[in-house]
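Chains, contacts and geometry: an overview
Letter by letter, the chains look like this.
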Amino acid sequence: MSMKPFCIQAVLFDFDGTLTQPGAIDFNAIRREIGCPGRTPVLEFIEALADSQKKADAWQVVQRFEMAAAAVSEPNRGAEEIIGHIRKSGLRLGILSRNGLASIRRALDNFKYVGETDFDYVGSRDLPLKPKPHPEGVYHAARSMGVDAEQVLVVGDYVFDIQAGQAAGAVTVFLENGTAGESGSSDFSIAHLEDLRAVLRMGLPLPAGKLPNDLLQRFMADFKLDDPSIIMGPGVGEDVAAIRPVENQLLILKSDPITFATSAIDQYTILVNANDIATAGATPRWLLVTLLFPCGTTPSQIGHVMGGIQERGARLGISLCGGHTEITDAVTRPVVSGMMLGTVPEADLVDKRRMRPGDHVLLTKKVAVEGTAILAREFGDRLVAMGMSRRDLDEANAYLSRIGILTEARIAAATDGIHGMHDVTEGGIATALTELSAAGGWRIEVNTDAVPVYTHTRRMCRLLGLDPLGLIGSGSLLICCSPDTSRQLMAQIESAGIAVSRIGRVTPGIAGIDALSGGEPVGWPVFERDELARLYDGGALP
């Protein structure tokens, strides 16, 4: 499974049982003395007492036990060493405890090399904050240390520590102290504090250059290569992939970079490349990827992308069989360039040069499927500020699941009378139709009134000053077919749960687009670059 991507700026430790050896405080004895039921948290029990004198007496009991335990407590195994390592790494460092501050300070007196001044934040129950498992303390610690809560690594030996960290969106590490315990589904579990070094490494930025070999080997360890045609696959020191040719089949090759999307980049990498292979009537089989990450990227973020590409490809029968990974200042956000290979029997190759005047032009789904999902993911906050609801954005986000065209391409490829297929990518439907016309060598007449646009897409584009016809549109497939095939094919695609529209026809003449609206000629837009690129550059805002 691909790992959770994270970047650490601060580490927040629980204290008792985490930085100190466990078992110093006898909680059962405290419960007996104050009358607290066995599984009821002590602090919450005391706060719920109605009698002020009983409450004050109970707090004195807790403080007495804490101070006695603090006087004899010892640093946990590896605690001082890992604190030193964290300080050298330039990370902020904090403590968040349900204990009182006085007992924390007394226990720190027993440390040989570490004191209170080594911590940027010390949070105890003396602060007016709700105790763990409530996330308020984690949020307060993050603000005090000048970092976002998602950049905090919360380390603790009890489920309350993990629950507080998870509720705040932090990365969580459960310390087992050499024994199994209730971890609350933490992001990581470690036996001892010295094991925290490996977790920290996954969240610290890498220097520029190739991905270190040990990390590469680790990330590829779970890759499953079940394809017997791969003779030599990915591995440390392997410079090439070797594939046994498929007899009596054509090899179809495709390359495409993913530059716009940062979230779900693994899914875009697989589908955007596989889509083009499918338009030739071929089956996507093998993938090579070059992954470029900006400086400041952490190993976990790289591992998440690599693992996601491998997993998503495997679901479609596509094998990740090689590539290159590098951290470089040549990019400011992740860029994944994929090269995909597929196979098709020569007789089944779908060649756009077979297009003929009279062919119907069909479009599956609606325009700007991919662009709509990217706008919702990358510009959601801006769109909310402009009046869109979170519900609408969530619905638009879901368009990500529609960016594959493999199903409709497979249906079309198996149908007689198919003369060309082309998936809609950068530059949107406007550019895709122009490209289809050029590849086929004939003109295309487009009924602009028949070109379908999602309601969410139309509204987003209006708010952001974009034209949906020029917005990146992976997920829509253009199909040229004979008139006799058109009705049957549309019925088959619709029976698969995919919308399809007839938007035009192939006509005689030099390649180009003739657009009609209401039966009258209208202009057809030309986009020198995708509308999304213009938005990223800040040139599309109204």
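Here, the structure is the one placed above.
Residue positions are given per chain, counting from 1 as you read along its sequence in written order. Reporting in this predicted model follows two pLDDT cut-offs: at least 70 for local features of residues, and 80 or more for side-chain atom pairs to be given and counted; totals over whole chains, interfaces and linings ignore these cut-offs and use all residues. Based on all heavy atoms of the structure, the side-chain values leave hydrogens and waters out of the count.

With respect to the sheet that holds strand β16 (residues 443-447)
Strand order in the open sheet formed by 7 strands is β15-β17-β14-β18-β16-β19-β20, with mixed pairing between adjacent strands. The sheet is open, and its two edges are formed by β15 (418-423) and β20 (520-522), each paired on a single side. Pairwise comparison of adjacent strand axes, ignoring direction, gives a mean angle of 30 degrees for this sheet. Pairing between strands requires that DSSP locate at least two bridges from one strand to the other. Counting from the N terminus, the helices are DSSP H or I runs at least four residues long and the strands are E runs at least two residues long. Where β16 and strand β18 (residues 500-507) come together, 4 bridges link them in antiparallel fashion. Bridge pairing links V446 to G504 in β18. Each axis is a line fitted through C-alpha atoms, taken for helices only over the stretch in contact, and angles between the N-to-C directions span 0 to 180 degrees.

Examining the environment of P257
Following the sequence through the fold, P257 ends up in strand β10 (residues 249-258). Relative accessibility decides the category of a residue: with a 1.4 Å probe and only protein chains considered, values under 20% of the type maximum give buried, values over 50% give exposed, and everything between is partly exposed. Judged by relative accessible area, P257 falls into the partly exposed class, the value being 38%. In this structure, the C-alpha to C-alpha distance between P257 and T279, residues 22 residues apart in sequence, is 18 Å. Whether two residues touch is decided by their heavy atoms; if any such pair falls within 4.5 Å, the residues are in contact. Setting aside residues up to four positions removed in sequence, P257 forms contacts with V336 and S337.

Details of empty space enclosed by the protein
Buriedness of a pocket was judged along seven lines, with at least five required to meet protein on both sides within 12 Å; pockets are open sets of points on a 1 Å grid over the protein atoms alone, cavities are sets where a 1.4 Å probe fits but cannot get out, and lining residues have an atom within 4 Å of a point. Grid points are joined across faces, edges and corners, and a volume is the space filled by probe spheres set on the points. What the rule picks out here adds up to 1 cavity of 30 Å³ or more. Volume-wise, the largest cavity comes out at about 70 Å³. Lining of the largest cavity is provided by F15, D16, T20, A24, I25, E66, A69, A70, S73, N99, S103 and A107. If you list the elements that add at least two residues to the lining of the largest cavity, you get α3 (52-72) and α5 (101-108). Element by element, the count of residues in the lining of the largest cavity is highest for α3, at 3 residues.

Overview of the side chain of T431
Relative to the helices and strands, T431 is located in helix α16 (residues 428-440). Looking at T431, the relative accessible area reads 18%, which means it is buried. Apart from residues no more than four positions distant in its own chain, T431 is found in contact with E426 and F527.

Notes on helix α18 (residues 483-495)
Each helix should span, by expectation, one fewer than its residue count multiplied by 1.5 Å. Along its 13 residues, α18 runs 19 Å from first to last C-alpha, staying within 8% of the 18 Å computed at 1.5 Å per residue. Where α18 is buried, its residues contact β14 (360-364), α15 (406-413), β15, β17 (477-481) and β18. Once α18 ends, the next one or two residues include G497, with phi positive near 85 degrees.

Quick notes on the sheet that holds strand β3 (residues 121-123)
In space, the 6 strands of this open sheet follow the order β3-β2-β1-β4-β5-β6, with parallel pairing throughout. A single partner strand is all that each edge strand has here, and the edge strands are β3 and β6 (188-190). For this sheet, the mean inter-axis angle between neighbouring strands, taken without regard to orientation, is 20 degrees. The strands that helix α4 (residues 79-88) touches are β1 (10-13) and β2 (92-96); relative to β2, the one it contacts most, it runs at about 140 degrees.

Description of the packing of aromatic side chains
Pairing of aromatic side chains here covers Phe, Tyr and the six-membered ring of Trp, requires ring centres within 6.5 Å, and sorts the geometry by plane angle: under 30 degrees stacked, over 60 edge-to-face, intermediate tilted. If you walk through the whole model with that rule in mind, you get 4 aromatic pairs. Ring geometry for Y158 versus F160: centroids 5.0 Å apart, planes at 70 degrees, classification edge-to-face. Judged by its relative accessible area of 47%, Y158 falls in the partly exposed class. When its relative accessible area of 14% is taken as the criterion, F160 is described as buried. Centroid distance Y399 to Y454: 4.6 Å. Interplanar angle 40 degrees. Geometry classified as tilted. Of this pair, Y399 sits in the loop between α14 (390-397) and α15 while Y454 sits in the loop between β16 and α17 (455-464); the two residues are 55 residues apart in sequence, bridging distant segments of the chain. This pair shows no difference in class: Y399 is buried, exactly as Y454 is.

What about the nonpolar core?
Note that soluble globular proteins tend to have their nonpolar side chains buried in a common cluster. Joining through side-chain atoms within 4.5 Å is the link that ties buried Ala, Val, Leu, Ile, Met, Phe, Trp, Tyr and Cys residues into a set, and such a set is a nonpolar core. Ranked by size, the top nonpolar core spans 133 residues in total, and within it V11, F13, L19, L153, L196, L433 and L478 carry the most contacts. A per-element tally of this core places helix α10 (residues 265-279) first, with 8 residues. Each residue touching F13, except ones within four places of it in the same chain, is listed here: T18, L19, I82, I86, L93, G94, I95, L96, V155, L193 and L196.

Re the pattern of salt bridges
Just to be clear on terms, a salt bridge is a Lys or Arg side-chain nitrogen sitting within 4 Å of an Asp or Glu carboxyl oxygen. By the definition in use, this model includes 23 salt bridges. Of the charged contacts, one joins D187 and K4 as a salt bridge, the two residues approaching to 3.2 Å between their closest N and O atoms. On the criterion of sequence distance, the pair formed by D187 in the loop between β5 (171-175) and β6 and K4 in the segment before β1 is long-range, its members being 183 residues apart. Note on D187: relative accessible area 31%, which makes it partly exposed. On the basis of relative accessibility, which here comes to 36%, the residue K4 falls in the partly exposed class. The residue R125 makes a salt bridge to E66 at a minimum N-O spacing of 2.6 Å. Of the two residues, R125 is situated in the loop between β3 and α6 (136-145) and E66 in helix α3; the sequence distance between them amounts to 59 residues. With respect to class, R125 is no different from E66; both count as buried. Bridged by salt links that share partners, the residues D14, K132 and D161 form one connected network.

Things to note about a nonpolar patch on the surface
On the surface, a nonpolar cluster with roughly 260 Å² of combined accessible area is contributed by L251, L253 and M339. Looking at where L251 falls in the secondary structure, it is placed in strand β10. Nonpolar side chains (Val, Leu, Ile, Met, Phe, Trp, Tyr) are joined into patches within 5 Å and like charges within 9 Å, using only residues with over 30% relative accessible area and no salt bridge. The method behind every accessible area is Shrake-Rupley, applied with a 1.4 Å probe, and residues are considered shielded solely by the protein chains displayed.

Thoughts on α17
Every buried residue of α17 is listed here: H456, T457, M460, C461, L463 and L464. Here the buried residues of α17 occupy an arc of 160 degrees about the axis, which is enough to place them on one side. With respect to the buried face of α17, the exposed residues turned more than 90 degrees away are T455 and R462. On its buried face, α17 is in contact with α12 (369-378), α13 (380-385), α14 and α19 (531-536). Once α17 finishes, G465 follows within two positions and takes phi at roughly 75 degrees, a positive value. Here the arc refers to the set of directions running from the helix axis out to each C-beta atom.

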